[in-house]
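Single-letter residue listing:
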Amino acid sequence: MLAAIGALLALGLLIGGGLGLAAYYLRVEGNPIAGEIEDMLPGSNCGQCGFLGCADAANALADHKAEVTLCPPGGRDLATALADKLGVEADLSSMKDTGPMIAFVFEDLCIGCTKCSKRCPTDAIVGASKQIHGVVDDACTGCEKCADVCPTGAIAMRKESTTIQTWHWPKPELALAS
Amino acid sequence: MRLFKIKGGIHPDGRKELAENEKIEQMPLPTLMRIPLKQHTGAPANPIVAKGDMVKKGQVMALSRGAVSATIHAPTSGRIIAIGRFVAPHASGLPEPTITLRPDGEDEWDTLPPPLDPFETDPDTLANRIAEAGVVGLGGAAFPAAVKLNLRNRTELHTLIINAAECEPYITCDDRLMRERAEEIIDGVAIICHTIGVKKALIGVEKNKPEAIKALKKQVAKQDRYDIKVIEVPTRYPTGFAKHLVQILTGLEVPARALTAEVGVIVHNVATTFAIQQAVRFGRPLISRIVTVSGEMITRKGNFEVPIGTPISHIIEHCGGFIDEPEKLLLGGSMMGDPVSSTRAPIIKGSNGILALGRKETSQKPIMPCIRCTSCVAACPCGLMPYEMAARIKADELESAVDIGLRDCIACGSCSFVCPANIPLVQYFNYAKGSLTAKQRAAHKQEETKRLVQFHDERMEKIKKEKQAAMARMKAERAAKKRLKEHEEAAKAKTATPEEASSAPKSEKVRAEA
């Protein structure tokens, strides 16, 4: 009887102590999934989600403090991917996905104030002071920062146009005869 | 010679009798020609002419750009009336950068580079000449020929294989070329052998072209410089795929997603061989190609030498138009051809045929559920399981379709052809491959975005630091100036007259008080 109690007590102390030590020394800083989520986000730190950049949004997502539909540039694809990652149901109904958008400068409205090019997080807008600005489509992430600051409303967001290089066959429509 | 077997394959109705006995005929010039800048695998060519320029036949209009690209020449003499975007001969029907040329009807040649004696010229010069002539693979993929020839510098080569299988139904352009221009072709084979430094060449021709085989054999017998053999291969689709032909002829299996050069073999299409010979012997660039016009709905079937850039509508018109509205209008063969999105689109270097197919030839049957009969597995020449891949793609499990070999699919369409349930298998694979590429592109863009953001942030940080440093410097300078001024004033005071000097401390005192 005593031997059994003693043995179990010793075992309990040993294992409990071990776990306690492990919790102290092998502690993981932050939520490990946050890093993975950050890799999935566009990374342009545009702030449309209301957080301070993508890393902040990733932390909030990892703590389930934010909706997976928070990222407009990422669109529906990102929302579904995030829902898969976090194991939650994504409510996509509220999300209007227009597909990838890119900025476009109306040349007759642009006054060359360089406000947009200064704001662009990916340096996708080229042009100097008093010169018409242009958008490098490949570098634009559609974060809309430029459109927000343009004093003449010369920047509009447009759907990325399909080219021969980006076009692919659609999924075959199945009319299954049963 | 012993032939090796490949897995799978199908025996579609060849339908070559429609056009195989029609001699190659010169297509008259159209009123407008559209020459796309990207007719080949790789980067689009860089235009060096401007709107309004007069060009002569064979003059360079756009230069090859980058490692894999091809030069583009004027198909006839005339005036360039536009350089802009125009509908491309592509299933999407999307526009592509294109030069529009209005022929002047003179068809006047530009001064061509001097003819070369291939066997007295070093391989580099020959490869350069072939690159300058804009020769690309005429079998369909339009891979720049010179790039392939230059693989000799990277790997040890032992055999040249000339792909003359022409396994696509209806298409007879290579057949006619071999019957009518065998001498030039064999000369071309010898030129390629010399360029890549191999002694042995095998010409693989399907058995359904006995006259072409006869013509080639006659020419081969006339030369003894290289060990060239004409080999009859079984008539079976898709024998004409480079990797499959290599396996049939040599028994060497090319690894997945590798070049045939990795097993020491270079494959060139027979029409490419002809174009190479023309470029070397006569300095003629690739500005026309043989196109088969066939199908039961076209009035006149035949094989035509068509200048690159001729609109499809012009060819159809020249052939007397349609007997009846075709069920399908294809660019290429009936197995792998793309639907023609617009007949205004031009013929480019890789177009081998125009098919106007009738209802009898297309057979649209209702799609039934898959019963796992595995006919497609037996037919797949790449050893894949098409029914399983299609099931996974249908369920949007694209990545898992890749796990079972989606990337090794050559989109030959054999599976769709044999499927008793009429499931559009190859269409699923084309969709999945495109969709995966789009995903990869998006992932790449995301990576690039992160790099750009980092770069931007670093630059901003640097500017901020520089500003701070500049401000600190200005402050320091101001302080130094002030000190200097004080110093000077002090010195002035000392060197001044004693009366003033005696008053100087006073004045300083006053200032200090102030």
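Bear in mind that the values here come from a model prediction, so they are computed numbers and not experimental data.

Novice: Got a minute to help me understand the overall build of chain B in this structure?
Specialist: Looking only at helices and strands, chain B has 15 helices and 17 strands in total. Rg of the C-alpha trace for chain B: 33 Å, well past the compact-globule value of 24 Å for 514 residues, more than 25% over. By its C-alpha atoms, chain B is 125 × 60 × 50 Å across when sized along the principal axes. The proportion of buried residues among the 514 residues of chain B is 50%.

Novice: Is there a simple way to think about the pairing of strand S14 (residues 302-307) of chain B in this case?
Specialist: As a general feature of sheets, a regular strand has side chains that alternate between the two faces. Residues and elements named next belong to chain B. With respect to burial, S14 is a largely interior element, six of its six residues being buried. A two-sided burial pattern is seen for S14, the buried positions comprising Gly 302, Phe 304 and Val 306 on one face and Asn 303, Glu 305 and Pro 307 on the other. The sheet contact formed by strand S1 (residues 24-26) and S14 spans three bridges and is parallel. Within the sheet, the bridge partner assigned to Ile 24 lies in S14 and is Asn 303. In terms of strand pairing, strand S13 (residues 288-294) meets S14 through six bridges, oriented antiparallel. Note on S14: the bridge partner recorded for Val 293 is Gly 302.

Novice: Please clarify how the sheet that holds strand S16 (residues 338-339) of chain B should be interpreted in this entry.
Specialist: All names here are of chain B. One open sheet accounts for six strands, arranged S1-S14-S13-S17-S15-S16; its pairing is mixed. The sheet is open, and its two borders are formed by S1 and S16, each paired with just one other strand. In this sheet, strand S17 (residues 353-357) lies alongside strand S15 (residues 328-331) in antiparallel orientation, the contact comprising four bridges. Across the sheet, the residue bridging to Lys 328 is Leu 357, located in S17. Along the sheet, helix H3 (residues 173-180) contacts S1, S13 and S14; its crossing angle with S13, the most-contacted strand, is approximately 120°.

Novice: When you look at the UniProt feature "binding site: [4Fe-4S] cluster 2" (unreviewed entry) in chain A in this model, what are you seeing that I'm missing?
Specialist: All names here are of chain A. UniProt annotation of "binding site: [4Fe-4S] cluster 2" (unreviewed entry) refers to Cys 110, Cys 113, Cys 116 and Cys 150 when read in the numbering used here. For this annotated set, covering 41 residues, all C-alpha atoms fall within 10.4 Å of each other, a compact arrangement in space. For Cys 116, the position within the fold is in helix H5 (residues 115-119). Relative accessible area serves as the criterion here: at 5%, Cys 116 is assigned to the buried category. Residues contacting Cys 116, with those up to four places away along its chain left out, are Ile 125, His 133, Cys 146, Val 149 and Ile 155.

Novice: What should I look at first to understand the packing of aromatic side chains in this one?
Specialist: Each aromatic ring pair is characterised by the separation of its centres together with the angle its planes make. For the coordinates displayed, the defined rule picks out four aromatic pairs over all chains. Judged by centre distance (5.2 Å) and plane angle (85°), the ring pair of Phe104(A) and Phe106(A) falls under edge-to-face. Taking 6.4 Å as the distance between ring centres and 40° as the angle between the ring planes, the aromatic pair formed by Phe119(B) and Tyr226(B) counts as tilted. Of this pair, Phe119(B) sits in the loop between strand S8 (95-103) and helix H1 (123-132) while Tyr226(B) sits in the loop between helix H5 (210-221) and strand S11 (227-233); the two residues are 107 residues apart in sequence, bridging distant segments of the chain. Each member of the pair, Phe119(B) together with Tyr226(B), is buried. The ring of Phe86(B) has Arg34(B) sitting right over it, with the charged end atom 3.8 Å from the ring centre. Over the ring of Phe119(B) we find Arg225(B); its NZ or CZ atom is 3.9 Å from the centre of that ring.

Novice: Is there a simple way to explain the domain arrangement of chain B in this structure?
Specialist: Accessible area lost during the coming together of the parts is what is often quoted as the interface size. Residues and elements named next belong to chain B. When the domains of chain B are assigned, the result is domain 1 (16-29 + 124-318) and domain 2 (365-488). Each of domain 1 and domain 2 was reduced to a C-alpha centroid, and the two centroids are 35 Å apart. Facing six residues of domain 1, the contacting portion of domain 2 comprises seven residues. For the pairing of domain 1 and domain 2, the buried interface totals around 520 Å² over both sides, and the portion due to carbon and sulfur atoms is 61%. In this structure, the connection of domain 1 to domain 2 is made through one salt bridge. Measuring nitrogen to oxygen at the nearest pair gives 2.6 Å for the salt bridge that ties Arg 257 to Asp 408. Our count for the domain 1 to domain 2 interface comes out at three residue pairs in polar contact (both at pLDDT 80 or more). Classifying every residue of the side of domain 1 that touches domain 2 gives four nonpolar, one polar and one charged.

Novice: Please explain the side chain of Ser77(B) as it appears in this structure.
Specialist: Residue and element names in this part refer to chain B. Note on placement: Ser 77 falls in the loop between strand S6 (72-73) and strand S7 (78-87). We classify Ser 77 as buried; its relative accessible area is 1%. In terms of polar contacts, Ser 77 uses its side chain to reach the backbone amide nitrogen of Asp 107, at 3.1 Å. Polar side-chain contacts of Ser 77 include one of 3.1 Å to the backbone nitrogen of Glu 108. Other than its neighbours up to four places away in sequence, Ser 77 contacts Val 55, Lys 56, Lys 57, Arg 102, Pro 103, Asp 104, Gly 105, Glu 106, Asp 107 and Glu 108.

Reading guide: rules and limits
- Residues numbered from 1 in each chain as written.
- Chains lettered and ligands numbered in written order.
- Predicted model: local features only at pLDDT ≥ 70, side-chain atom pairs only at ≥ 80, totals over all residues.
- Heavy atoms only, no water.
- Helix = DSSP H or I, 4+ residues; strand = E, 2+ residues; numbered from the N terminus.
- Rg over C-alpha atoms; globule rule 2.2 N^0.38 Å.
- Buried < 20%, exposed > 50% of the residue type's maximum accessible area, 1.4 Å probe, protein only.
- Pairing = 2+ DSSP bridges.
- Contact = heavy atoms within 4.5 Å.
- Axes fitted to C-alpha atoms, helices over the stretch in contact; angles between N-to-C directions.
- UniProt positions renumbered as here; feature names shortened; annotations may be inferred.
- Phe/Tyr/Trp six-rings, centres within 6.5 Å; stacked < 30°, edge-to-face > 60°.
- Lys NZ or Arg CZ within 6 Å of the ring centre and 35° of its normal.
- Domains from an automatic or database assignment.
- Buried area = accessible area lost by both parts, 1.4 Å probe.
- Salt bridge = Lys/Arg side-chain N within 4 Å of Asp/Glu carboxyl O.
- Polar contact = N/O pair within 3.5 Å; in protein donor to acceptor, adjacent residues only side chain to side chain.
- Nonpolar A, V, L, I, M, F, W, Y, C, P; charged D, E, K, R; others polar.

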